[in-house]
Amino acid sequence: MRKVVLLSIGIFALTACNNQKSNSSENKEEQTVTEQSAVGGDKDEHGCLTAAGETWSQLKQSCIQIFNVGQRLNPIETKDGEAVISAFVLFNDDKSEAELFLPNTQSNTILKITDNQNYESGEYKFDVNESTLYINNEKKYKAE
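Residues numbered from 1 in each chain as written. Predicted model: local features only at pLDDT ≥ 70, side-chain atom pairs only at ≥ 80, totals over all residues. Heavy atoms only, no water.

## Focus on the overall build of the chain
We count it as follows: Only runs of H or I of at least four residues qualify as helices and only runs of E of at least two qualify as strands under DSSP, and these elements are numbered from the N terminus. Any residue under 20% of the maximum accessible area for its type is buried, any over 50% is exposed, and the rest in between are partly exposed; the area is computed with a 1.4 Å probe on protein chains only. For the accessible areas, the method is Shrake-Rupley and the probe is 1.4 Å, while residue cover comes only from the protein chains on display.
For the chain, the helix and strand inventory stands at two helices and 10 strands. Its helices and strands in sequence order give the chain the pattern α-β-β-α-β-β-β-β-β-β-β-β, from N to C terminus. For the chain, with 144 residues in total, the buried portion stands at 25%. In the structure as shown, the chain presents an accessible area of about 10,500 Å², 49% of it carried by carbon and sulfur atoms.

So this is what it looks like as structure tokens:
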């Protein structure tokens, strides 16, 4: 009788250890899958990590975080209780061009420097001295 009890305890202990190892390896697999999903994230057509706030810069020909490298321009007219959505301007290395990042637009606009040290393209003009963006000759955004 004593041998049967010891054998039963031994089998129970081995089974418990085996289940613990099995669960442990299953947990590791689940953890790896979760980590891979969290680390990755969605990429746009240029390979920029949108979840990390990256966007494609035509001027730099690379993925950038515009809020870290660009100059923030806040809207001049704001309404109480509404979120402030900024525009950004980014200059190339020799300051001959600027890229304009406007909210709610799919593509960016490249502005060329003019002889009076402002940047212009079509309806857009960025006045460097005022740090102001004009759209159709109307002040819309300004750096603070």
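Having seen it, we continue.
## A short note on the pattern of salt bridges
As a reminder, the rule being used: Should a side-chain nitrogen of Lys or Arg be within 4 Å of a carboxyl oxygen of Asp or Glu, the pair is scored as a salt bridge.
What the rule picks out here adds up to three salt bridges. The residue Lys112 makes a salt bridge to Glu97 at a minimum N-O spacing of 2.3 Å. Here Lys112 is found in strand 6 (residues 109-113), whereas its partner Glu97 is found in strand 5 (residues 97-101), with 15 residues between them in sequence. Its relative accessible area of 18% is what places Glu97 among the buried residues. Between Lys140 and Glu138 there is a salt bridge, with the nearest N and O atoms lying 3.4 Å from each other.

## Observations concerning the packing of aromatic side chains
This is how it is decided: A pair of Phe, Tyr and Trp rings is counted when the ring centres sit within 6.5 Å of each other, with Trp represented by its six-membered ring. The angle between the planes then sorts it: under 30 degrees is stacked, over 60 is edge-to-face, the rest tilted. Put simply, a charge is over a ring when the Lys NZ or the Arg CZ is close to the ring centre, within 6 Å, and near the line of the ring normal, within 35 degrees.
Within the structure shown, the criterion is met by two aromatic pairs. The positively charged end of Lys125 is found above the aromatic ring belonging to Tyr134, 5.5 Å away from the centroid.

## Focus on the state of the cysteines
Test applied: Criterion for a disulfide: a pair of cysteine sulfur atoms at a distance within 2.5 Å.
The full count for this structure, using the stated rule, is one disulfide. Covalent S-S linkage joins Cys48 and Cys63, the inter-sulfur distance amounting to 2.1 Å. The chirality of the disulfide connecting Cys48 with Cys63 is left-handed, given an S-S dihedral of about -90 degrees. Of this pair, Cys48 sits in the loop between helix 1 (2-39) and strand 1 (55-57) while Cys63 sits in strand 2 (residues 62-64), placing them 15 residues apart in sequence. By relative accessible area, Cys63 is classed as partly exposed at 28%.

## Description of the pairing of strand 9 (residues 132-135)
Selection rule: Two strands qualify as a pair provided DSSP detects at least 2 bridges between them.
Alternating positions in strand 9 separate into two faces, Thr132 and Tyr134 on one and Leu133 and Ile135 on the other, with burial throughout. One ladder, built from four bridges, connects strand 8 (residues 124-127) with strand 9; its direction is antiparallel. Note that in strand 9 the partner of Tyr124 across the bridge is Ile135. In this structure, the hairpin formed by strand 8 and strand 9 is closed by a connection of four residues, where Ser131 is found at a positive phi of approximately 55 degrees. Where strand 9 hands over to strand 10 (residues 138-142), the hairpin turn is made up of two residues, of which Asn136 adopts a positive phi near 55 degrees.

Interpretation note: all reported values are geometric properties and have no functional meaning in isolation.
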